[in-house]
Amino acid sequence: MNLKNIILEKEGKIALVTLNRPKALNALNSETLQELDIVIEDIEKDSSICAVIITGAGKSFVAGADISEMKDMNVIEGRKFGILGNKVFRRLENLEKPVIAALNGFTLGGGCELAMSCDIRIASTKAKFGQPEVGLGITPGFGGTQRLARLVGMGAAKELIYTAKMIDATEAYRIGLVNKVFEPETLIEEAKALATTIANNAPVAVKLSKVAINKGIQTDIDTALSYESEVFGTCFSTEDQKEGMDAFLNKKSLVGNFKNK
Ligand code: CAA
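Here the residue numbers are simple positions, counted from 1 along each chain's written sequence. Totals for whole chains, interfaces and linings use all residues, but because this is a predicted model, local features are given only for residues with pLDDT of at least 70 and pairs of side-chain atoms are given and counted only at 80 or more. Processing note: side-chain calculations cover all non-hydrogen atoms of the structure and skip hydrogens and water entirely.

As a reminder, the rule being used: UniProt positions are given in the numbering used here, feature names are shortened, and annotations may be inferred rather than shown by experiment.
Per an unreviewed UniProt entry, the protein carries the name short-chain-enoyl-CoA hydratase and comes from Clostridium acidisoli DSM 12555. The UniProt entry for the protein carries the following text under Subunit (unreviewed entry): "Homotetramer." Under Catalytic activity (unreviewed entry), UniProt gives the following word-for-word description of the protein: "a short-chain (3S)-3-hydroxyacyl-CoA = a short-chain (2E)-enoyl-CoA + H2O".

### Digging into the overall build of the protein
Stated formally: Note on conventions: DSSP H or I runs of at least 4 residues are helices, E runs of at least 2 residues are strands, and numbering of each starts at the N terminus. All radius of gyration figures rest on C-alpha atoms, and the globule criterion is 2.2 Å times the number of residues raised to 0.38. For every residue, the accessible area obtained with a 1.4 Å probe (protein chains only) is divided by the maximum for its type, and the residue is called buried under 20%, exposed over 50%, and partly exposed between those limits. Two residues form a contact once any of their heavy atoms are found within 4.5 Å. Residue-level accessible areas treat just the shown protein chains as cover; the underlying method is Shrake-Rupley with a 1.4 Å probe.
Regarding its fold elements, the protein presents eleven helices and ten strands. A globule of 261 residues ought to have a C-alpha radius of gyration of about 18 Å, and the protein, at 19 Å, matches this closely. The dimensions of the protein, computed from C-alpha atoms along their principal axes, are 65 × 40 × 35 Å. Burial analysis of the protein (261 residues in total) assigns 45% to the buried set. Long-range contacts, defined as pairs at least 24 residues apart, comprise 71% of the intrachain contacts of the protein with a sequence gap of at least 6. Of the roughly 13600 Å² of accessible surface on the protein, a fraction of 56% belongs to carbon and sulfur atoms.

### Remarks on the pattern of salt bridges
Put simply, the test is: Whenever Lys or Arg places a side-chain nitrogen within 4 Å of a carboxyl oxygen from Asp or Glu, that contact is recorded as a salt bridge.
Counted under the stated rule, the structure contains 18 salt bridges. The salt bridge partner of glutamate 11 is lysine 192, with a shortest N-O separation of 3.3 Å. Highlighted residues: glutamate 11 in strand S1 (residues 6–11) and lysine 192 in helix H8 (residues 187–199), separated in sequence by 181 residues. Accessibility expressed as a relative area gives 41% for glutamate 11, which makes it partly exposed. Between aspartate 72 and lysine 71 there is a salt bridge, with its nearest N and O atoms 3.1 Å apart. Classification of lysine 71 by relative accessible area gives exposed; the value is 62%. Where salt bridges share partners, they join Asp37, Glu41, Glu44, Lys45, Lys87 and Arg91 into one cluster.

### Topic: the sheet that holds strand S6 (residues 106–108)
Test applied: Following DSSP output, two strands are said to pair if at least two bridges run between them.
Strand order in the open sheet made by the four strands is S4-S6-S8-S9, with mixed pairing throughout. Each end of this open sheet is capped by a strand with a single partner; those strands are strand S4 (60–62) and strand S9 (167–168). Note that S6 and strand S8 (residues 128–130) share three bridges and pair parallel. Opposite threonine 107, over in S8, you have phenylalanine 129 as the bridge partner.

### Observations concerning unusual backbone geometry
At alanine 164, a position not held by glycine, the phi torsion is positive, near 60°. Tracing the chain through its elements places alanine 164 in the loop between helix H6 (154–163) and S9. Located in the positive-phi region is lysine 251, a residue other than glycine, with phi close to 60°. Counting through the fold element by element, lysine 251 comes out in the segment after helix H11 (239–249). Owing to a relative accessible area of 77%, lysine 251 belongs among the exposed residues under this scheme.

### Focus: helix H3 (residues 75–94)
This is how it is decided: For a helix, the expected span equals 1.5 Å multiplied by the residue count minus one. This arc corresponds to the set of directions leading from the helix axis out to the C-beta atoms. Polar contacts, as used here, are pairs of N or O atoms within 3.5 Å; protein pairs need one atom able to donate a hydrogen and one able to accept it. Residues neighboring in sequence count only if both atoms are side-chain atoms.
In this model, H3 (20 residues) spans 28 Å end to end at C-alpha, consistent with the 28 Å of a helix rising 1.5 Å per residue. Those residues of H3 lying buried are Phe81, Gly82, Leu84, Gly85, Val88, Phe89, Leu92 and Glu93. Relative to the axis of H3, the buried residues are bounded by an arc of 165° and lie together on one face. Residues of H3 that are exposed and angled more than 90 degrees away from the buried face: Val75, Ile76, Arg79, Lys80 and Ile83. Of the residues that open H3, the one with a side-chain oxygen 3.1 Å from the backbone nitrogen of isoleucine 76 is asparagine 74.

### Some thoughts on the packing of aromatic side chains
Here is the rule: For Phe, Tyr and Trp, where Trp contributes only its six-membered ring, two rings pair if their centres lie within 6.5 Å, and the inter-plane angle classes them as stacked under 30 degrees, edge-to-face over 60, or tilted in between.
Applying the stated criterion across every chain yields a total of three aromatic pairs. Arranged with centres 5.2 Å apart and planes meeting at 75°, the rings of phenylalanine 232 and phenylalanine 236 form a pair that is edge-to-face. Among the aromatic residues, those joined into a ring-pair cluster are Phe81, Phe89 and Phe142.

### Here we look at the site of the ligand
Applicable threshold: Here a residue counts as near a molecule or strand whenever at least one of its heavy atoms sits within 4 Å of it.
Contacts to the ligand come from 24 residues, most closely from Lys59, Ala65, Gly110, Glu113 and Glu133. In this structure, lysine 23 approaches the ligand through a main-chain N or O atom, which is 3.3 Å from an oxygen atom. One of the backbone nitrogen or oxygen atoms of glycine 110 is found 2.8 Å away from an oxygen atom of the ligand. Against a free-state accessible area of 980 Å², the protein chains account for coverage of 62% of the ligand.

Set out below in structure tokens:
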């Protein structure tokens, strides 16, 4: 894989994806979005990977979509760029493996939208968040008008988007944009510990939980509960369910040793 702007590392069951364009604060240009798509495809196909961490190199997670690339876009190019970002982030959101965003610094615009496409967000005390788009004459374009309200509620989302103001990690935690906040030097260690905890559980059950949550949140409760019954039933076709329950009844645990089958 020939990547210019992203580093993909694999450590056991965990993939670590680092956005690596630090001179531009990891701003997302088309090339980086296309590379992210390639990285997601690789992780999708790699059955040894059970959890993913996404972070940024340097002082930024991602400072937004690339303003120098967008500056001279016309209507068609702008729409195409928005569609590309939405396509890649949706693929990430639908990736059937848990994804943790480890937010090390500026998490702005397209960066906040990337973080919101992940399953779990943890942040450094130094991280700063916001949707600065309306200050540039555009709307959020990679999912921000849709995912932010779903995550933090309509009022907080509208305030963030309309004011274009940055908030710090404490405020992001208070409104539920991030799950936890850590000192910068421990962020990746904490992300790896969280990823390992998740990866040690039955991968098929984790995957099906993600599918049920993501599908269910978009629909009425009765349809959502029928998805749940469907995936719950599917678990009983796995070796992990048989062996996991057998281990429990024999006063043992399979955590860390599931077969992913
Ligand atoms: N696009 C392109 N380049 C960017 C960038 C971006 N989003 N953010 C930062 N950079 C570049 C800067 O132009 C600068 O480049 P040069 O060294 O060549 O001048 C370099 O990164 C370092 O940035 P600063 O000197 O500005 O660093 P700072 O520490 O003084 O400020 C910052 C940091 C507050 C994050 C500031 O860079 C900033 O406000 N960046 C833009 C944030 C933004 O508006 N993001 C939203 C983009 S629009 C979007 O994302 C649309 C969408 O929804 C799809």
